[in-house]
Structure formats: structure tokens, C-alpha cells
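Examination of the molecular architecture
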Amino acid sequence: MLDEIRGAFYIAKKDLKEYYFKPPTISWGIAFPLVFALAFLLRGWEKDWLAPGLLTLSLFFGSTSMSAASIVFERRMESFERLLLFPISYLGVAFGKALSSFFFGLLSSTATVAIIWLFLSIPPHNMMLLMLCIVGSALQFSSMGILLSFAVKDPAQAMTIFNSIRFPMMFLSNIIIPVSKLPHYLSWVSLAIPLTYSVEAIRYALIGSYDIIPPQISIPVTFISFFAFLYLAAIMIKRTIP
Amino acid sequence: MDAIVVKNLTKYYDGFLAVDHISFSVKWGELFGFLGPNGAGKTTTVKMLCGLTRISEGDAYVAGYSPLRELKLVKKVIGLVPDVSNLYPELTCWENLIFAGEMYGIKKEELVNRAYELLKLFDLMDKKDSKFKQLSKGQKRKLTMAAALVHKPKILFLDEPTIGLDVRSRRAVWSMIRELNENGLTIFLTTHNIHEAFNLCERIMVINKGKIIAAGSPTELKRRFSGSEVLEVSFTGEISIEEISQIPGVIKASRSGGSFKLVVSDPISVIEELVEKARSRRISLNYVNLRGADAEEVFLKIIGEEHA
Ligand SMILES: Nc1ncnc2c1ncn2[C@@H]1O[C@H](COP(=O)(O)OP(=O)(O)OP(=O)(O)O)[C@@H](O)[C@H]1O
Ligand SMILES: [Mg+2]
């Protein structure tokens, strides 16, 4: 067990060294959420609604871009196989990959956090809870990113495919538009999107209120979905073995 | 128990039979060659033994452990150099070796010493801080070998160790392989290069289309298959290759430019027959050359097909 966790951390460390400065991680993981945040700020949206959304968004793009770059790239270069040769379980490999995306997500969202702090000057409703929610969301997103990476075959299209999933998710979760204002049939879709729960959790921790999902549900869901995605990712890894 | 024991090992890729019920064993300390043409099933066999491909049927023991049931134990005691040099391009040589060692849980201090030792052994000290992607093909191959040795495996799998290397790098890698083996490492080497197998290995097994078709020491194999000779002939006029193939004693016939290359078992009677055929067509032989088959032709004879 300890061996597995240690192995996962070494994988994460290696990934961060290797992919931190890859163009797709930088552009989609850091630059995009930042530009997005600025665009919304300039248009003057209601800041209480916007701040949690932007924070979640930067975590979302940060934590998923890294896995897209690392897994898709490594699978094409056949270096992903190296990980399967070490004495570590598939779950351990999945966790390692999730961890690197997780750390990258945390790092890349600091810029957005700074903006929220400076321009929106929102004192968090509950600091400890906010940290917990940020951790939970970043874990959820990173494991989701890993799962998605196994669906992508052609690395050249990785970002296109990722974005064709990320953007609809972004608009259908309540990052920008409150679920309560969506048409009834779309609100069901929204409830099926993991992102909806993390943004609600972060919203509660940051401003002390939520749209439709109470924190007693949203916070556990982020963690539970992390474990579920991780487990599924381990199955996907196993299935890559011909 | 032997280092590697394989029993009826079989691989189907969606119904396609890539490895067909093969059985063999490799002794501890042996430098074992697995020789076969492209697509024979060499890589598939290696990958099954290392847990990178599922075993469809049969079983195997690697260092006494079964890849089917004790994969983690197998992974701890083997090293694999795959057919592509697949280390991490953005990491330096040093970082690549350290990462490999960390994944086997080697203690920091020991790992640092080991990494230095390997860089020296493979003559890569001056590339220590170069990124992997900046290395030449030969250097990449060597570092990939080094990374497979960080944890001092008991058995090393080398899949086409010298593929794509020039003569000098190939010789450097060969001498490395010999040295490792002399120091007691059991080596399972795959190659499609007969010279590599004959030069390097104590024992060779030949695989073709998923089946083992011959096994023995290089000298045994040469003796067993070198009964044939190569006859090169050309004529002053037209004669078809089909007709020549039908002559008794011709094992294989191929055409290159205006002349024919025949692998024959009984050259005198074949030449007589050729003269006869030519005369009946009112043409004549204008070139004849007879020589013993070389290693390559022995190999082609073993696998029973001509790669022109
Ligand atoms: N993942 C796979 N899916 C389907 N078929 C495969 C797969 N890998 C290999 N094969 C097939 O199995 C056969 C054996 O392939 P293998 O790679 O083991 O050959 P090899 O002896 O290593 O050849 P080479 O000298 O070209 O490396 C080939 O016909 C190949 O097309
Ligand atoms: Mg091969």
C-alpha cells in the first residue's frame, strides 16, 4: 500500500518535470482560464456568482490539460508501457497520473485565485472548507481527465476532443448559468455532470450559499467521483493491454 | 528451476494466432537468442513473459514466478529493453535513470551510486545532463538498456537490441551484452539478424509464424542446415523461373536482374539439368557460380521462405 502511494508520487514528480512546460498544458491549462476570467471580469458579471465559477473553471482546465498531454503523448511514444513494467498496480499508475494533474491544477489555478482575491475581494466564507473543496475538485477533475485520455486515440486531436467535452460541460454545469435557470430537461443533464457538484461545493465554501445542491451532497460527491473515476481509469489501463 | 520455463505459450490477437503453443526453457546465466523474421511473434512472446501482453493459453515461469499469477514478483526481477527506445524525451539521462530506480523503491544513496555506475558502464557520463531526446540513436539504445538494469534484475529481456544502429554502435552494444552476461546476467535476446544471433548467443531458437522451427547452438544450426549450396546462373536467352524451380534438387529459386539464384542440394545434377533445358531451347548458359550457403541463406532455409 505504502509502496503504491510512493510509486504514485514518483510518477507525479516525473510528469510534472516532463510536461509542465508543454505548450498544450500551458495554453489550455493556464492561459485559457486566465483569459476567460479576465473576459468575464471586464463584462462586469455579478461577482458572487462569478468568483466560484472562475475558480472551478481554472481548476478544471488545469487538472484536465495535464493528463491529456501526458497520457496521450506517452501512449503514442510507447513510453506509457514503461509504467506497466514497474512493480506497481494499475490503480497505482492511475493514481500517479491523477496526482500530477492534481498538482498542476492547483498550481495553475493560483493565478485565478489571485485575480479573484484582488479584483473581486471576496473573503472566503469558510477557508478550511474551501481548501477541502479545492482539493476534492482538483482530484475529481484530474481522475476524470485520465479517464478521458484513454478514449483519445490520435494525440493530434487530443485537445480538440478534450475541448469538445470540456466546453459543453462548462456551459451545462452551473459555472456560468445557474442550473435553476436552465430549462427543466437540461437541468437533468446538469445534475449528471461531475463539474456541477464541484462548483456548488466551491461556491458554498467561498460565498456561503449554493444554487441547488447543498454542500452535504456536493462535497462528498466530488470525493466519491474521484475514487470512482480512478478505479475506472485503472480498468481502462488494464484494458490497454492487448 | 530454470530461469525461464515456457509451456505451450499461445497468443491470439482477436482470433489471429501470433504465437502458437511454444515450449522452451532458458537456463540461468545463459545468453539465449530468439531468432525470427518480422512478424514471427518474438515481441509478443517477450511481452507475454513481462506482463505487457495477455497470455491466451499455456503458462510460463520467469525466475520461478508466473506472469499470470505473480506478475508483481516477476516485474521485480526482470528488466526489459523494448524494441523502441522509449525513455522520457524531456528528462535528462540522469533523471531517467533516477526515476526508473525510484519506481523499484531503491534507496536514494544506493540509487545515486548505481546511476553513476551505469552511466560509466555505458560510456554516457558526458551525457548525464542531456535530455534523452538529444541523444543519438545508439546513445538512446544504451540508456534504455541502462534504465532496465538500475534495479539489478536477474533476467534481462532485450528486444532487438541493435535495431537501427550502425556497425560501430552495434559492436559496442554487442560487447556490452557479452560483458553483462559474463557477469552472470541471464539474457533473453530477440533478433531478426542471424549474424547477431550467431555472434552473440550460446543457444538459439528460431521462430517463424508463431512456431518454433529449430533450436540449438550456432554451430549445431549451421551444421544442420548448411548442407545446401547456392548456384548462380544466367542464360543467353529466355527461360522461366517456374521451370527452373521444378528441377529436382532446387530448394529455392529467385531471380535478380538477368540471373537466377538457386539454393540447391545436389549442384551437379542441377547443373546437368540446366544445361539440358538450355540446349532444348537452343540457348546456352553464360554464367555459373557455385558457393556454400552463408549464414543468411542458412536462416532463410530454416524459415523456409525467401525474403528478396
Ligand atoms: N497488438 C496487436 N494486435 C494485433 N496483432 C498484433 C499485435 N501485436 C502484434 N500483432 C501481430 O502478431 C504477429 C507477431 O508480431 P510480433 O510483434 O510479435 O512479431 P516480431 O517477431 O516481434 O516481429 P518484428 O521483427 O517485426 O518485431 C504479427 O503478425 C503482428 O501483426
Ligand atoms: Mg518485434
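By convention here, each chain's residues receive numbers from 1 onward along its written sequence. To read the labels, note that chains go from A and ligands from 1, taken in the order they are written. Note on the predicted model: pLDDT of at least 70 is required for a residue's local features to be given, and 80 or more for side-chain atom pairs to be given and counted; whole-chain, interface and lining totals, by contrast, use all residues. Derived side-chain values reflect all non-hydrogen atoms in the structure, with water molecules and hydrogen atoms excluded from consideration.

Comments concerning the sheet that holds strand E1 (residues 4–13) of chain B
All names here are of chain B. How we decide: A pair of strands is treated as paired once DSSP finds two or more bridges between them. The helix and strand labels rest on DSSP assignments: H or I over at least four residues marks a helix, E over at least two residues marks a strand, and numbering proceeds from the N terminus. Between N-to-C directions, angles cover 0 to 180 degrees, with each direction set by a line fitted to C-alpha atoms, over the stretch in contact for helices. We call two residues contacting when some pair of their heavy atoms lies within 4.5 Å.
Spatially, three strands are ordered E2-E1-E4 in an open sheet, and the strand pairing comes out antiparallel. Looking at strand neighbours, the two that pair on one side only are strand E2 (16–26) and strand E4 (57–62), the edges of this open sheet. For this sheet, the mean angle separating the axes of adjacent strands, direction not counted, is 20 degrees. Note: E1 against E4, five bridges, orientation antiparallel. Bridging from a neighbouring strand, threonine 10 pairs with glutamate 57 of E4. Across the sheet, helix H1 (residues 42–50) touches E1, E2 and E4, and the angle it forms with E1 is around 115 degrees.

Section: the interface of chain B and chain A
Here is the rule we go by: Summed over both partners, the accessible area (1.4 Å probe) lost when two parts come together is defined as the buried area. Every case where a carboxyl oxygen of Asp or Glu lies within 4 Å of a side-chain nitrogen of Lys or Arg is listed as a salt bridge.
Taken together, the contact between chain B and chain A spans 28 residues of the former and 27 residues of the latter. Both sides together, the interface formed by chain B and chain A hides about 2,700 Å², and carbon and sulfur atoms give 61% of it. In terms of surface lost to chain A, no three residues of chain B exceed Leu52(B), Tyr88(B) and Met103(B), which account for 25% of the buried area on that side. Inspection of the region where chain B meets chain A yields three salt bridges. Lys47(B) serves as the salt-bridge partner of Glu81(A), at 3.0 Å between the closest nitrogen and oxygen.

Thoughts on the nonpolar core
For clarity, the cut-off: Working definition of a nonpolar core: buried Ala, Val, Leu, Ile, Met, Phe, Trp, Tyr and Cys residues. They are joined through side-chain atoms within 4.5 Å. Exposure classes here rest on a 1.4 Å probe applied to the protein chains alone. A residue is buried below 20% of its type maximum, exposed above 50%, and partly exposed in between.
Formed by 137 residues in total, the largest nonpolar core has its most connected members in Ile4(B) and Phe157(B). In terms of residue count, the dominant contributor to this core is helix H6 (residues 127–149) of chain A (10 residues). Once residues lying within four places of it in the same chain are set aside, the contact partners of Ile4(B) are Phe24(B), Ser25(B), Val26(B), Leu49(B), Tyr61(B), Ile155(B), Phe157(B) and Phe188(B). Counting residues in each nonpolar core, the second largest holds 14 residues, with Ile244(B), Ile247(B), Val250(B) and Leu274(B) among its members.

Section: the confidence of the model for chain B
Stated precisely, the cut-off is as follows: Per residue, pLDDT measures the predictor's confidence, with a range of 0 to 100.
When pLDDT is averaged along chain B, the result is 89, and 94% of the positions lie at 70 or above. Taken over the whole predicted complex, pTM reads 0.83, whereas the ipTM for its chain interfaces reads 0.86.

What about the pattern of salt bridges?
Pairing of side chains with opposite charge becomes possible as their charged atoms draw close. Applying the stated rule across the entire model yields 22 salt bridges over all chains. The partner of Lys14(A) in a salt bridge is Glu74(A), with the nearest N and O atoms 2.6 Å apart. Of the two residues, Lys14(A) is situated in helix H1 (residues 2–19) and Glu74(A) in helix H3 (residues 47–76); the sequence distance between them amounts to 60 residues. Each member of the pair, Lys14(A) as well as Glu74(A), is classed as buried. Residue Asp59(B) is joined to Arg69(B) by a salt bridge in which the shortest nitrogen-to-oxygen separation is 2.8 Å. Highlighted residues: Asp59(B) in strand E4 and Arg69(B) in the loop between E4 and helix H2 (71–77), separated in sequence by 10 residues. Each of the salt bridges in this network shares a partner with another, and the network as a whole consists of Lys14(A), Asp15(A), Glu18(A), Glu74(A) and Lys97(A).

Here's the deal with the site of ligand 1
Rule in force here: A single heavy atom is enough: if one lies within 4 Å of a molecule or strand, its residue is considered near that molecule or strand. Nitrogen and oxygen atoms within 3.5 Å of one another constitute a polar contact, given that in protein one can donate a hydrogen and the other can accept it, and given that sequence-neighbouring residues count only through two side-chain atoms. The protein chains shown are the only cover counted for residues, whose accessible areas, like all others here, come from Shrake-Rupley with a 1.4 Å probe. Residues are grouped as follows: Ala, Val, Leu, Ile, Met, Phe, Trp, Tyr, Cys and Pro are nonpolar; Asp, Glu, Lys and Arg are charged; all remaining types, including Gly, are polar.
Around ligand 1 lies a shell of 13 residues, among which Gly39(B), Gly41(B), Lys42(B), Thr43(B) and Thr44(B) are the nearest. In this structure, ligand 1 sits where chains A and B come together, each supplying nearby residues. Ala40(B) has a polar backbone atom sitting 3.1 Å from an oxygen atom of ligand 1. Note that an oxygen atom of ligand 1 is positioned 2.9 Å from one of the backbone N or O atoms of Gly41(B). Look at ligand 1: alone it shows 630 Å² of surface, and the protein chains cover 63% of it. Counting residues per element, the ones that place at least two in the shell around ligand 1 are E2 and H1 of chain B. The biggest single contributor to the shell around ligand 1 is H1(B), with three residues. For the shell around ligand 1, the class distribution of residues is six nonpolar, five polar and two charged.

Considering the sheet that holds strand E8 (residues 203–208) of chain B
All names here are of chain B. If you walk across this open sheet you meet the six strands as E5-E6-E7-E3-E8-E9, and the pairing is mixed. Edge positions in the sheet fall to strand E5 (78–81) and strand E9 (211–216), since each has one partner strand and no second. This sheet shows a mean twist of 15 degrees between the axes of neighbouring strands, independent of strand direction. Here strand E6 (residues 155–159) pairs with strand E7 (residues 186–191) via five bridges, running parallel. For leucine 156, the partnering residue across the bridge sits in E7 and is isoleucine 187.

As for helix H7 (residues 158–172) of chain A
Heads up, the condition is: In a helix, the anticipated span is given by 1.5 Å times the number of residues less one.
Under the 1.5 Å per step criterion, the end-to-end length of H7(A) is 21 Å for 15 residues, consistent within 8% with the ideal 21 Å. Three or more residues of H7(A) are buried, namely Ala158(A), Met159(A), Phe162(A), Asn163(A), Arg166(A), Met169(A) and Met170(A).

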